[in-house]
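Now for the letters of each chain:
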Amino acid sequence: MKKTIKTIQSMKKKGEKISALTAYEALFAGFLDNSGIDIILVGDSAGMIFGGQDTTIPITMDDMIYHTKSVRRTVEEALLVVDMPFMSYQVNAEEALRNAGRLMKEGGAEAVKMEGGARILKQVKACVEAGIPVMGHLGLTPQSVNQFGGFMTQGKSAAEAETLKNDALALQEAGVFAIVLEKIPAILAKSISKDLWIPTIGIGAGVNTDGQILVTQDMLGMYEKFKPKFVRQYAQLAAEIKTSVSAFAADVKTGCFPNEEESF
Ligand code: KIV
């Protein structure tokens, strides 16, 4: 059954946890969709995982549209959410609206995600009023890595926790349909999730959010640059890929590949 923002919101009401993973291209997106994932996010993490960048800052609107179009081709049931890249929405509501519209019209997104709280409320409202569903993202918002001075846990002090709570309530009021909470103390994520009627999707935010999201390549043990503490690896695909590639290279060198059956 096709999942919509209403399906996702009704899951919170029913106490059913929401599963979400990232995808950047058609092949993996198809695997996720066929496996029953509720939300597929075309994350701007594509810039790091796919593009080899150190942060999510360099990825562009055109890059995101390319990834979204690829993912769109194989996603039938999951809700397809797409990240708005850095500086595609920060300047003002008009730019946010135009760029969110491009992700939907050109890419096939069903919702967009923006990072930040009080400072993006105008942008969120403009999109929601135009019929574009928006997902919020609070806590460790990677587009602000230079302001934070690194990828560290957010909301640890009482003042920071208070700001995050107020941001979450303000985003809900502005019309977001769900909020990602990234790398914040579990106790704070629990309290925010309890205060909101919209779902929270956690990443490094403990077990008491309404759903969980991970970067697929982290979860499959493919991304080797670093492994955050909150990642659980369900496979070791990097090792398996390297073993397979070495075996192929050796077979080519020794003349074991191709054999007669693999030839015409
Ligand atoms: O870009 C991304 O992958 C994200 C996460 C929440 C996984 O925003």
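See the structure printed just above.
1. A look at the nonpolar core
So, point 1. Counting residues in hydrophobic clusters, the biggest one holds 72 residues, and the most contacted among them are Ile39, Ile40, Leu103, Met114 and Ile179.
So, point 2. Among the elements that line this core, the one with the most residues is helix H8 (residues 158–174), at five residues.
So, point 3. The residues touching isoleucine 40, leaving out its near neighbours within four places in the chain, are Leu21, Ala23, Ala29, Leu32, Asp33, Val71, Val75, Ala78, Leu79, Leu80 and Val81.

2. Regarding the pattern of salt bridges
So, point 1. Using the criterion set out here, one finds ten salt bridges in the structure.
So, point 2. Note that glutamate 106 is salt-bridged to arginine 102, the shortest N-O span being 2.8 Å. Of this pair, glutamate 106 and arginine 102 both sit in helix H5 (residues 93–107), four residues apart, which is roughly one turn of that helix.
So, point 3. Of the residues examined, glutamate 106 reaches a relative accessible area of 37% and is grouped as partly exposed.
So, point 4. Across the pair glutamate 224 and lysine 242 runs a salt bridge, and its minimum N-O distance is 3.0 Å.

3. A closer look at the site of the ligand
So, point 1. Neighbouring the ligand are the residues Thr22, Leu41, Gly43, Asp44, Ser45, Asp83, Lys113, His137, Val180, Ile203 and Val215.
So, point 2. Contact distances for the ligand include 3.0 Å between an oxygen atom and a side-chain N or O atom of aspartate 83.
So, point 3. A distance of 2.9 Å separates an oxygen atom of the ligand from a polar side-chain atom of lysine 113.
So, point 4. Within the complex, the protein chains bury 96% of what would otherwise be the 260 Å² of accessible surface of the ligand.
So, point 5. Grouping the amino acids of the shell around the ligand by side-chain chemistry returns four nonpolar, four polar and three charged.

4. Some remarks on the environment of arginine 98
So, point 1. By secondary structure assignment, the location of arginine 98 is in helix H5.
So, point 2. Here arginine 98 falls in the exposed class, since its relative accessible area comes to 54%.
So, point 3. Arginine 98 sits 50 residues away from phenylalanine 148 along the chain, and the two C-alpha atoms are 28 Å apart.
So, point 4. For arginine 98, the side chain forms a polar contact with the side chain of glutamate 94, separated by 2.9 Å.

5. Thoughts on H8
So, point 1. For H8, spanning 17 residues, the distance from its first C-alpha to its last is 24 Å, which sits close to the expected 24 Å at 1.5 Å a residue.
So, point 2. For H8, the full list of buried residues reads Ala161, Leu164, Asp167, Ala168, Leu171, Gln172 and Ala174. Seen along its axis, H8 keeps its buried residues to an arc of 160 degrees; they face one direction. Residues Ala158, Ala159 and Glu173 are exposed on H8 and point more than 90 degrees away from its buried face.
So, point 3. Contacts from the buried residues of H8 go to helix H6 (121–129), strand S5 (134–139), strand S6 (178–182) and helix H9 (186–195).

6. Details of the sheet that holds strand S3 (residues 79–83)
So, point 1. Strand order in this closed barrel of eight strands is S1-S2-S3-S4-S5-S6-S7-S8, and the pairing throughout is parallel. Strand-to-strand twist of the sheet, defined as the mean angle between neighbouring strand axes without regard to direction, takes the value 25 degrees.
So, point 2. As judged from the four bridges shared by S6 and strand S7 (residues 200–203), these two strands associate in the parallel manner. Across the sheet, valine 180 pairs through a bridge with isoleucine 201, a residue of S7.
So, point 3. Against the sheet, H8 touches S5 and S6, its axis set at about 175 degrees to S5.

Cut-offs used in this document
- Residues numbered from 1 in each chain as written.
- Predicted model: local features only at pLDDT ≥ 70, side-chain atom pairs only at ≥ 80, totals over all residues.
- Heavy atoms only, no water.
- Core = buried A, V, L, I, M, F, W, Y, C linked by side-chain atoms within 4.5 Å.
- Buried < 20%, exposed > 50% of the residue type's maximum accessible area, 1.4 Å probe, protein only.
- Helix = DSSP H or I, 4+ residues; strand = E, 2+ residues; numbered from the N terminus.
- Contact = heavy atoms within 4.5 Å.
- Salt bridge = Lys/Arg side-chain N within 4 Å of Asp/Glu carboxyl O.
- Near = heavy atom within 4 Å.
- Polar contact = N/O pair within 3.5 Å; in protein donor to acceptor, adjacent residues only side chain to side chain.
- Areas by Shrake-Rupley, 256 points an atom, 1.4 Å probe, with all protein chains shown as cover.
- Nonpolar A, V, L, I, M, F, W, Y, C, P; charged D, E, K, R; others polar.
- Expected span 1.5 Å × (residues − 1).
- Arc of directions from axis to C-beta.
- Pairing = 2+ DSSP bridges.
- Axes fitted to C-alpha atoms, helices over the stretch in contact; angles between N-to-C directions.

Such coordinate-based values are descriptive only and should not be taken to indicate function.
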